[in-house]
Amino acid sequence: MLLDVISSGGVLFESPDVALAGQGELSRLELPFRYTSVRESVREVVADLRRHGEDAIAFVSIPFAESKSVLSVVPETVLRSSHLLSTADKADLPTDFSVEPSRSPKEWRDAVYEAISRIRRGDLDKVVLARQVDVEADRAFDIAAVVANLRASYASAYRFAIDGLVGASPELLISRTGLDIRSYPLAGTRANSGDATSASTARNELLSSDKDQNEHSYLSHSVEAILAPLCSELNVDPHPGVLSVGNVQHLATNVAGVLRDPSTTALDLVAALHPTPAVGGTPTDKALALIAELEQMDRGRYAGAVGWINAHGDGCFAVAIRCAQIEGNVAHLFAGNGIVAQSDPALEFEESQWKLQPMLNALVRP
């Protein structure tokens, strides 16, 4: 039922325990996106949403790149389900396709090397550099089939389809239910082979790696610093654990709090957090400037925020990673890596390959 909705051009956001799909449009806003004015934009989204009544829900995509707009869709009809069927049909996937990176592996590794040099000389602490890979098929991608495949392989992820942005993110940016909020920042990665012994070894390496712990600490400390003033109570895991999702493992920190002000909406929290060091870097302004210099691509909605909000201010937003922007028979895939002083360009490239694999597997059949 929910996949039928997106087959006909609807929108979808699925968390591990509940799914929302919307069809038709009561309202569609596309607002200019600037990091300096995102708070004003999200308040405009909430004001528009509330004009449609207390039962209305908006599906929202906040981009990373300022070339894109803040997108809000308030559907005419919203369907909700807590029973998600994983019925992927590989026969629905293209078998004739090409896969091309937007720049050569060497060029990207050179960019990583330059970023490491800047970090080691003290220009900044961390920067996230992303790669783009383009997949062109012999026919248009079936978005419902792509989401079905993501359901089958990534049941614990946050899956979404809005305006061609399709993905399965393991990272919860923020959720709000009444005064209760949650965040689950991820940074630090190892491959997950599926073999129990290898997976255990990778997990132990991740937990003991100074490089990965360092990368993760910039993120968890940033999230805590931003949310603490907004909360009467905030609990943050003192040490990260490990999240295993698909073919990778990540360092992860649970963050849970109670808001001071009941008027603070889920989108206000998104505006305060975005971009986190998980997608930008530290300090933010210097990291964004280096991304613009070194990446040589337009991230668009990749590494933004995607989710839903209701008229009461409750909502759930994921970080838009493990995703693709689909345009007919072309899909633009992205993967980003946190670069710190201890990073190695060759290993970072290998990690980016792991991160691209989930969407490649969902899009095409080899």
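Everything here concerns the structure above.
Residues numbered from 1 in each chain as written. Predicted model: local features only at pLDDT ≥ 70, side-chain atom pairs only at ≥ 80, totals over all residues. Heavy atoms only, no water.

Caption draft 1: Seen up close, the overall build of the protein chain. Counting secondary structure elements, the protein chain contains nine helices and 22 strands. In terms of C-alpha radius of gyration, the protein chain reaches 19 Å, essentially the compact-globule figure of 21 Å for 366 residues. Along the first, second and third principal axes, the C-alpha atoms of the protein chain reach 55 × 55 × 40 Å. A total of about 14900 Å² of accessible surface is found on the protein chain, and carbon and sulfur atoms cover 48% of it. Side-chain charges in the protein chain split into 32 positive and 48 negative, and the spacing between the mean points of these groups amounts to 3 Å. (Helix = DSSP H or I, 4+ residues; strand = E, 2+ residues; numbered from the N terminus. Rg over C-alpha atoms; globule rule 2.2 N^0.38 Å. Areas by Shrake-Rupley, 256 points an atom, 1.4 Å probe, with all protein chains shown as cover. Lys, Arg positive; Asp, Glu negative; His and termini not counted. Charge placed at Lys NZ, Arg CZ, Asp CG, Glu CD.)

Caption draft 2: Molecular detail of the side chain of Ser183. Its place among the elements puts Ser183 in strand S12 (residues 180-184). In this structure Ser183 comes out as buried when scored by relative accessible area, which is 3%. Among the polar contacts listed, one links the side chain of Ser183 to the backbone oxygen of Leu173, at a separation of 2.7 Å. Residue contacts for Ser183: discarding those within four places in its chain leaves Leu172, Leu173, Ile174, Val223, Leu227, Thr253, Asn254 and Val255. (Buried < 20%, exposed > 50% of the residue type's maximum accessible area, 1.4 Å probe, protein only. Polar contact = N/O pair within 3.5 Å; in protein donor to acceptor, adjacent residues only side chain to side chain. Contact = heavy atoms within 4.5 Å.)

Caption draft 3: Representation of empty space enclosed by the protein. In total, this model carries five cavities of 30 Å³ or more according to the counting rule given. Considered as a void within the structure, the largest cavity measures approximately 210 Å³ in volume. Around the largest cavity sit 21 residues that line it, and Ala278, Ile321, Arg322, Gly336 and Lys355 are the ones nearest its centre. It is strand S22 (residues 330-339) that provides the largest number of residues to the lining of the largest cavity, a total of five residues. Grouping the constituent residues of the lining of the largest cavity by class yields nine nonpolar, six polar and six charged. Roughly 50 Å³ of volume is contained in the second largest cavity. Lining of the second largest cavity is provided by Tyr154, Ala168, Pro170, Val245, Asn247, Val248, Arg322 and Pro358. Per-class residue counts for the lining of the second largest cavity are six nonpolar, one polar and one charged. (1 Å grid on protein atoms, 1.4 Å probe; cavity = no way out; pocket = protein on both sides within 12 Å on 5 of 7 lines; lining within 4 Å. Points joined across faces, edges and corners; volume = space filled by probe spheres on them. Nonpolar A, V, L, I, M, F, W, Y, C, P; charged D, E, K, R; others polar.)

Caption draft 4: Representation of helix H6 (residues 210-227) in the model. For H6, which comprises 18 residues, the first-to-last C-alpha distance of 26 Å matches the rise-based estimate of 26 Å (1.5 Å per residue) to within 8%. Every buried residue of H6 is listed here: Lys211, Asp212, Glu215, His216, Ser217, Leu219, Ser220, Val223 and Leu227. Between a side-chain oxygen at the N-terminus of H6 and the backbone nitrogen of Lys211 the separation is 3.4 Å; the capping residue is Ser209. (Expected span 1.5 Å × (residues − 1).)

Caption draft 5: Up close: the environment of Ile6. Assignment of secondary structure puts Ile6 in helix H1 (residues 2-7). Along the sequence, Ile6 and Ser117 sit 111 residues apart, while their C-alpha atoms lie 45 Å from each other. Those residues in contact with Ile6 that sit more than four places away from it in its chain are Val11, Leu12, Ile143, Ala144, Val147 and Ala161.

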